[in-house]
Amino acid sequence: MHEMALAEELLKISDEAAASAGAEEVLRVGVGVGWLLQVERQSLAFYLEALRRDYPRLEHAVFELDEEAVRVRCRVCGEETEQAGWGFACGACGDRDVEVVAGDRLEVRDMEVRTDDV
Ligand SMILES: [Zn+2]
């Protein structure tokens, strides 16, 4: 069910971006999928396929799902470091007082669209 909600959100964001760009059709959407979401990729792809009938602009879009690593900012030394798993800690000083700054969300990175100029 997690993936279904994420798919819905992704379709909505993509559609809104396409609409504000005046696009007739979306060809490709590059998506960063945060590691922290623990997304089942196949399941997300399934729901994207199933739910996009509500979004005519996205009917033929290819969704490229790219995993995005978790990055944290240290509250002690201020460094930003990439994390390889659970139990987040600063990669510079080792302190656990860190804040997640990336890898905790879905993000549309780039998009290819078709606009009708005629
Ligand atoms: Zn630190």
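Computed from a prediction, not measured in an experiment: that's the story for all the values here.

(A) Spatial organisation of the sheet that holds strand 1 (residues 25-34). What the three strands build is an open sheet, ordered 2-1-6; its pairing is mixed. Taken across any chain shown, the strands that pair with only one partner, and hence form the sheet edges, are strand 2 (62-68) and strand 6 (106-114). On average, each strand axis in the sheet is tilted by 15° relative to the strand beside it, whichever way the strands run. The pairing of strand 1 with strand 6 spans eight bridges and is antiparallel. Note that in strand 6 the partner of Val-26 across the bridge is Val-113. Along the sheet, helix 1 (residues 2-20) contacts strand 1 and strand 6; its crossing angle with strand 6, the most-contacted strand, is approximately 45°.

(B) Up close: the environment of Val-72. Along the chain, Val-72 turns up in strand 3 (residues 70-74). Exposure remark for Val-72: the 23 C-beta atoms within 10 Å place this residue in the buried category. Discounting residues that sit within four places of it in the chain, Val-72 has contacts with Thr-81, Gln-83, Phe-88, Cys-90, Val-98, Glu-99, Val-100 and Val-101.

(C) Layout of unusual backbone geometry. Of note, Gln-38 is a non-glycine position whose phi angle comes to about 50°, a positive value. Within the element layout of this structure, Gln-38 appears in the loop between strand 1 and helix 2 (41-51).

(D) Structural context of helix 2. What helix 2 keeps buried is the set Leu-44, Tyr-47 and Leu-48. What you see down the axis of helix 2 is that its buried residues fit within an arc of 105°, all on one side. Turned more than 90 degrees from where helix 2 packs its buried face, Gln-42, Glu-49 and Ala-50 sit exposed. Its buried side turned inward, helix 2 meets helix 1 and strand 2.

(E) How the structure looks around the confidence of the model for the protein chain. Across the protein chain, the average pLDDT comes to 94, with 97% of residues at 70 or higher. Of all helices and strands in the protein chain, the one with the weakest mean pLDDT is strand 6 (94), whereas strand 3 scores best (98).

(F) Summary view of the sheet that holds strand 3. Pairing is antiparallel in the open sheet, where three strands are placed in the order 4-3-5. The open sheet has two free edges, formed respectively by strand 4 (80-83) and strand 5 (98-102), since each of these has just one partner strand. Going from strand to strand, the sheet's axes swing by 40° on average, the running direction of each strand aside. As paired strands, strand 3 and strand 5 are joined by four bridges and run antiparallel to one another. Looking across to strand 5, one finds that Arg-71 is bridged to Ala-102.

(G) Structural context of the nonpolar core. Core analysis: the largest hydrophobic core is formed by 15 residues, its most contacted members being Ala-7, Leu-10 and Leu-48. Broken down by secondary-structure element, the contributors of at least two residues to this core are helix 1, strand 1 and helix 2. When residues in this core are grouped by element, the largest group, five residues, is from helix 1. Every residue in contact with Ala-7, bar those within four places of it in the chain, is listed here: Leu-44, Tyr-47, Leu-48 and Leu-51.

The rules behind the values
- Residues numbered from 1 in each chain as written.
- Predicted model: local features only at pLDDT ≥ 70, side-chain atom pairs only at ≥ 80, totals over all residues.
- Pairing = 2+ DSSP bridges.
- Helix = DSSP H or I, 4+ residues; strand = E, 2+ residues; numbered from the N terminus.
- Axes fitted to C-alpha atoms, helices over the stretch in contact; angles between N-to-C directions.
- Contact = placed C-beta atoms within 7 Å.
- Buried ≥ 20, exposed ≤ 12 C-beta atoms within 10 Å, placed from the backbone.
- Arc of directions from axis to C-beta.
- pLDDT = per-residue confidence, 0-100.
- Core = buried A, V, L, I, M, F, W, Y, C linked by C-beta atoms within 7 Å.

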